[in-house]
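Secondary and tertiary structure notes
Next come the chains, spelled out residue by residue.
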Amino acid sequence: MRGELRYEGKAKRVYATSEPGQYIVEYKDDATAFNGVKKAQISGKGAINNAITAQLYPKLEAAGIPTHFLRQLSPNEQLVRAVTIIPVEVIIRNVAAGSFSKRLGIEEGVSLKRPVVEYCYKSDALGDPLINTDTAISLGWASEEDLQRIRQLALKVRDFLTPFFAQRGIKLIDFKLEFGKLSDASIVLADEISPDTCRFWDARSGEKLDKDRFRRDLGGVEDAYAEMLRRVLRED
Ligand code: TMP
Ligand code: ASP
């Protein structure tokens, strides 16, 4: 049973439970882009992102990546281990797109010789600005050891997800991860992995099957999210 609301973000709410070490995460249909400037509801998004995350996190655990995920509770809710979120968002890029392409003048779709790991400060007020690891260490957001571990885990997530999606006809262009600390200070993967937080391109047609359909007014947003759930549920 849900206890007190502990945190409300743009796409999820986090509630306490009767167990101090466990939270309930509720996935909402709300979508925002450009730091909350553009707002809408994407019908069914909460349930789809919850279902996709609930499929992927146990597979990541099995691949040796510790996560906060415990189990799915209902279409829009999941039980997770209580963590303190490290305010450093980690973006992994396989292919140039989005802000990377804009910042560097690189055409979207250009493959990168090796994956790029970027860090942003998790702050809605500032629009999640790009930072480097020195900034995170000097401001006390994470230690050098924490950041080494986060980088290692993020690349391990990439090494699992890239072939997982390739087998399902999806090119994983880039994605964003968040990490949290358990009460024993160990670091686990937190948050979600979904079309809100990844760029997914159909391997054959190049069609975008992620939140860029909403950000860029491409239409077919709900269909793209539903298609991504179908691909994730496809057996190996
Ligand atoms: P970007 O190219 O806009 O920096 O986005 C990189 C990846 O991070 C992309 O897969 C979308 C994801 N992302 C989020 O999950 N949250 C955000 O607030 C932003 C800006 C991007
Ligand atoms: N999540 C961010 C926002 O709300 C941006 C994005 O996903 O594009 O504005």
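The structure we're discussing is the one just above.
No experiment lies behind these values; they were computed from the predicted model shown.

Another aspect to go through is the pairing of strand β9 (residues 88-95). Buried residues dominate β9, accounting for eight of its eight residues. Here seven bridges tie β9 to strand β10 (residues 111-121), and the two strands are oriented antiparallel to one another. Within β10, the residue paired with Ile92 across the bridge is Val117. Where β9 meets strand β12 (residues 170-181), four bridges bridge the pair, whose relative direction is antiparallel. The residue of β12 that forms the bridge with Ile92 is Phe175.

The next point concerns the site of ligand 1. Around ligand 1, 14 residues are found, and the nearest of them are Arg93, Ser99, Asp174, Lys176 and Arg199. Separating an oxygen atom of ligand 1 from a side-chain N or O atom of Arg93 is a distance of 2.9 Å. Contact distances for ligand 1 include 2.9 Å between an oxygen atom and a side-chain N or O atom of Arg199. Of all elements in the fold, only β9, α2 (98-104), β12 and β14 (198-202) reach the threshold of two or more residues within the shell around ligand 1.

Our focus in this paragraph is the site of ligand 2. Looking at ligand 2, the residues that line it are Lys10, Thr32, Ala33, Phe34, Asn35, Gly36, Lys211 and Arg215. Within the backbone of Phe34, a nitrogen or oxygen atom sits 3.3 Å from an oxygen atom of ligand 2. Between Arg215 and ligand 2, the recorded distance is 2.6 Å, taken from a side-chain N or O atom to an oxygen atom. Summarising the interface, the protein chains cover 75% of the accessible area of ligand 2, which totals 270 Å² for the free molecule. Each residue belonging to the shell around ligand 2 can be placed in one class, and the counts come to two nonpolar, three polar and three charged.

Next up on the list: the sheet that holds strand β2 (residues 12-16). In space, the five strands of this open sheet follow the order β1-β2-β3-β7-β6, with antiparallel pairing throughout. The sheet is open, and its two borders are formed by β1 (5-8) and β6 (69-74), each paired with just one other strand. The sheet shows a mean angle of 25 degrees between the axes of neighbouring strands, taken without regard to direction. With four bridges connecting them, β6 and strand β7 (residues 77-81) associate as antiparallel partners. Bridge pairing links Gln72 to Gln78 in β7. Contacting β3 (22-27), β6 and β7, helix α1 (residues 45-62) runs over the sheet at an angle of about 145 degrees to β6.

A few words now on the packing of α1 against helix α6 (residues 221-233). At their nearest, the axes of α1 and α6 sit 10 Å apart, and the two run at 20 degrees to each other. The angle between α1 and α6 places the two elements in the roughly parallel class. The interaxial crossing formed by α1 with α6 has left-handed handedness. Along the contact surface, α1 presents Lys45, Ile48, Asn49, Ala51, Ile52, Gln55 and Leu56, while α6 presents Tyr225, Ala226, Met228, Leu229, Val232 and Leu233. Residues that form the contact of α1 with α6 fall into these classes: 10 nonpolar, two polar and one charged.

Turning our attention to α1. Taking 1.5 Å of rise per residue, the 18 residues of α1 would be expected to cover 26 Å, and the 26 Å separating its terminal C-alpha atoms lies within 8% of that figure. Taken together, the buried positions of α1 are Lys45, Gly46, Ile48, Asn49, Asn50, Ala51, Ile52, Thr53, Ala54, Leu56, Tyr57 and Leu60. In the stretch just after α1, Gly64 is the one whose phi turns positive, near 95 degrees.

Rules used throughout
Residues numbered from 1 in each chain as written. Chains lettered and ligands numbered in written order. Predicted model: local features only at pLDDT ≥ 70, side-chain atom pairs only at ≥ 80, totals over all residues. Heavy atoms only, no water. Buried < 20%, exposed > 50% of the residue type's maximum accessible area, 1.4 Å probe, protein only. Helix = DSSP H or I, 4+ residues; strand = E, 2+ residues; numbered from the N terminus. Pairing = 2+ DSSP bridges. Near = heavy atom within 4 Å. Polar contact = N/O pair within 3.5 Å; in protein donor to acceptor, adjacent residues only side chain to side chain. Areas by Shrake-Rupley, 256 points an atom, 1.4 Å probe, with all protein chains shown as cover. Nonpolar A, V, L, I, M, F, W, Y, C, P; charged D, E, K, R; others polar. Axes fitted to C-alpha atoms, helices over the stretch in contact; angles between N-to-C directions. Contact = heavy atoms within 4.5 Å. Parallel < 35°, antiparallel > 145°, perpendicular 65-115°, else oblique. Left-handed = near helix turned anticlockwise from the far one by under 90°. Expected span 1.5 Å × (residues − 1).

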